[in-house]
Amino acid sequence: MKLFDLTGKVALVTGGNGGIGLGLAEGMASCGATIAISGRNAEKARAALARLRAHGVKSAFLSADVTKRSECQALVAATEAEFGRLDILVNNAGTAIRKMPQDYTEAEWHEVLDTNLTSAFLLSQAVYPAMKRAGAGKIINIGSMMSMFGAPYAAPYGSSKGGIVQLTRALATAWANDKIQVNAVLPGWIDTDLTKRARQQVPGLHERVEDRTPAGRWGTPHDMAGVAAFLASPASDFVTGAAIPVDGGYSVGM
Ligand code: NDP
């Protein structure tokens, strides 16, 4: 058995049209997986598909808004229709609204929770029948340092990312016997569109992250490739329910 071989496997990556999602997708593409990337922005997706095709694999962009239950279900069906199977689901689509807790509207709370947490639950439910039938499957959920730590401007975001870890553990225990492994990745601070906005909104954030991270730098989407290859491949067949920081040491340093 080749531990990291994904030839013949099909992965669906929500938010795979840029940032961390594209980094995760490229990690799996480099192991031979066919990749369906999803999101709302088709222009970003064009550039992402060019990057994926450079790995010599098949790929497609399937547009979907993951806050809508019907679009989650249609996305899974479209992936299976396009490529004939679905072996790996990466729940990566995410958003943040930064405010003090007292200032959020209920609609803003739901926007963050629906995008980051409820979509992961709905998509996992939607892929379960195919994975059970196939007798194998991999689900990778994207958490955050805010799965562990609190921040004053991140009540809904932190709640969603803490929830991702518990959702991961629940699904892992429920589906281990079906040979479906469910794990979470907890990225440290990674340079993407999301954190470009954070750096504009949170004074001093850029320098604080560099100082606090033992590796002394921000991460890049490419830093996510290895963990995706591991968690999507046979190398991780006895790893389930884990939450793996990929953070340059941020979560273990003082
Ligand atoms: P980006 O903003 O670059 O990516 C977010 C992705 O999510 C986009 O591709 C976007 O697609 C997609 N998305 C957002 N809302 C929706 C929606 N309603 N329906 C479908 N797709 C949606 O940020 P990152 O790459 O940084 O974030 C990716 C994940 O990593 C998120 O879950 C984030 O919370 C997490 N994370 C990021 C960290 C960082 O430091 N960057 C640290 C820890 C976790 P589109 O633009 O097409 O709508």
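This report concerns the structure included in the present document. (Residues numbered from 1 in each chain as written. Predicted model: local features only at pLDDT ≥ 70, side-chain atom pairs only at ≥ 80, totals over all residues. Heavy atoms only, no water.)

**Overview of the overall build of the chain**
Link 1 in the chain: Secondary structure assignment for the chain yields eight helices and seven strands.
Link 2 in the chain: A compact globule built from 254 residues would reach a C-alpha radius of gyration of about 18 Å, and the chain, at 17 Å, matches this within 12%.
Link 3 in the chain: Over its C-alpha atoms, taken along the principal directions, the chain stretches across nearly 45 × 40 × 40 Å.
Link 4 in the chain: A buried classification covers 52% of the 254 residues belonging to the chain. (Helix = DSSP H or I, 4+ residues; strand = E, 2+ residues; numbered from the N terminus. Rg over C-alpha atoms; globule rule 2.2 N^0.38 Å. Buried < 20%, exposed > 50% of the residue type's maximum accessible area, 1.4 Å probe, protein only.)

**Notes on unusual backbone geometry**
In terms of backbone geometry, most residues other than glycine have negative phi values and most peptide bonds are trans.
Link 1 in the chain: Positive phi outside glycine occurs at Lys 179, with the angle close to 65 degrees.
Link 2 in the chain: Here Lys 179 is to be found in the loop between helix H5 (155-175) and strand E6 (180-187).
Link 3 in the chain: For Lys 179, a relative accessible area of 53% corresponds to the exposed category.

**Remarks on the site of the ligand**
Link 1 in the chain: Every one of the 29 residues lining the ligand counts as a neighbour, but Asn 17, Arg 40, Asn 41, Tyr 157 and Thr 192 are closest to it.
Link 2 in the chain: Gly 15 has a polar backbone atom sitting 3.3 Å from an oxygen atom of the ligand.
Link 3 in the chain: A distance of 2.9 Å is found between a nitrogen atom of the ligand and a side-chain nitrogen or oxygen belonging to Asp 65.
Link 4 in the chain: About the coverage of the ligand: the protein hides 94% of its 880 Å² of free accessible area.
Link 5 in the chain: Those elements that place two or more of their residues in the shell around the ligand are helix H1 (19-29), H5 and helix H6 (193-201). (Near = heavy atom within 4 Å. Polar contact = N/O pair within 3.5 Å; in protein donor to acceptor, adjacent residues only side chain to side chain. Areas by Shrake-Rupley, 256 points an atom, 1.4 Å probe, with all protein chains shown as cover.)

**Some thoughts on the side chain of Ser 160**
Link 1 in the chain: Among the secondary structure elements, Ser 160 is positioned in helix H5.
Link 2 in the chain: A relative accessible area of 0% places Ser 160 in the buried class.
Link 3 in the chain: Here the side chain of Ser 160 touches Tyr 157 through a polar contact of 2.7 Å, landing on its backbone oxygen.

**Some points on the packing of aromatic side chains**
Link 1 in the chain: Scanning the model with the defined rule gives three aromatic pairs in all.
Link 2 in the chain: Ring plane angle 20 degrees and centroid distance 4.5 Å describe the contact between Tyr 128 and Trp 175, whose orientation is recorded as stacked. On the criterion of sequence distance, the pair formed by Tyr 128 in helix H4 (residues 106-134) and Trp 175 in helix H5 is long-range, its members being 47 residues apart.
Link 3 in the chain: Across from the ring centre of Trp 218, 3.8 Å away, lies the NZ or CZ of Arg 199, which sits over that ring.
Link 4 in the chain: Across from the ring centre of Tyr 250, 4.0 Å away, lies the NZ or CZ of Arg 212, which sits over that ring. (Phe/Tyr/Trp six-rings, centres within 6.5 Å; stacked < 30°, edge-to-face > 60°. Lys NZ or Arg CZ within 6 Å of the ring centre and 35° of its normal.)

**Describing the packing of helix H3 (residues 69-83) against H4**
Each pair of packed helices can be described by the angle between their axes along with the distance between the axes.
Link 1 in the chain: The contact between H3 and H4 brings their axes to 8 Å, and the two run at 30 degrees. When the interaxial angle is binned, H3 and H4 end up roughly parallel. Handedness of the crossing formed by H3 with H4: right-handed. Between H3 and H4, the residues in contact are Arg 69, Cys 72, Leu 75, Val 76 and Glu 80 and Leu 122, Leu 123, Ala 126, Val 127, Ala 130 and Arg 133, respectively.
Link 2 in the chain: Each residue belonging to the contact of H3 with H4 can be placed in one class, and the counts come to eight nonpolar, no polar and three charged. (Axes fitted to C-alpha atoms, helices over the stretch in contact; angles between N-to-C directions. Parallel < 35°, antiparallel > 145°, perpendicular 65-115°, else oblique. Left-handed = near helix turned anticlockwise from the far one by under 90°. Contact = heavy atoms within 4.5 Å. Nonpolar A, V, L, I, M, F, W, Y, C, P; charged D, E, K, R; others polar.)

**Let's talk about the side chain of Asp 87**
Link 1 in the chain: Mapping Asp 87 onto the fold places it in the loop between H3 and strand E4 (88-91).
Link 2 in the chain: There is a polar contact of 2.7 Å between the side chain of Asp 87 and the side chain of Arg 85.

**Things to note about the pairing of strand E5 (residues 137-142)**
Link 1 in the chain: With six of six residues buried, E5 is to be regarded as a mostly interior element.
Link 2 in the chain: The side-chain alternation of E5 yields two buried faces, one formed by Gly 137, Ile 139 and Asn 141 and the other by Lys 138, Ile 140 and Ile 142.
Link 3 in the chain: Of the strand pairs in this sheet, E4 and E5 are connected by four bridges, and their pairing is parallel. Bridge pairing links Ile 88 to Lys 138 in E5.
Link 4 in the chain: This β-α-β element, E4 to H4 to E5, shows right-handed connectivity.
Link 5 in the chain: Pairing between E5 and E6: six bridges, direction parallel. Across the sheet, the residue bridging to Asn 141 is Ala 184, located in E6.
Link 6 in the chain: With H5 bridging E5 and its parallel neighbour E6, the resulting β-α-β unit is right-handed. (Pairing = 2+ DSSP bridges. Right-handed = clockwise from strand over helix to strand, strands pointing away.)

**Some words on the nonpolar core**
Link 1 in the chain: One finds Ile 139 and Trp 189 to be the most contacted residues of the largest nonpolar core, which totals 49 residues.
Link 2 in the chain: For this core, the secondary structure elements donating two or more residues are strand E1 (10-14), strand E3 (59-63), H3, H4, H5, E6 and helix H7 (205-212).
Link 3 in the chain: Here this core gets nine residues from one element, more than from any other, and that element is H4.
Link 4 in the chain: Beyond its immediate chain neighbours, meaning those up to four positions away, Trp 189 contacts Met 146, Tyr 153, Thr 195, Leu 205, Val 209, Trp 218, Gly 219 and Tyr 250.
Link 5 in the chain: In this structure, Cys 31, Ala 45, Ile 190 and Ala 232 belong to the second largest nonpolar core, which totals 31 residues. (Core = buried A, V, L, I, M, F, W, Y, C linked by side-chain atoms within 4.5 Å.)

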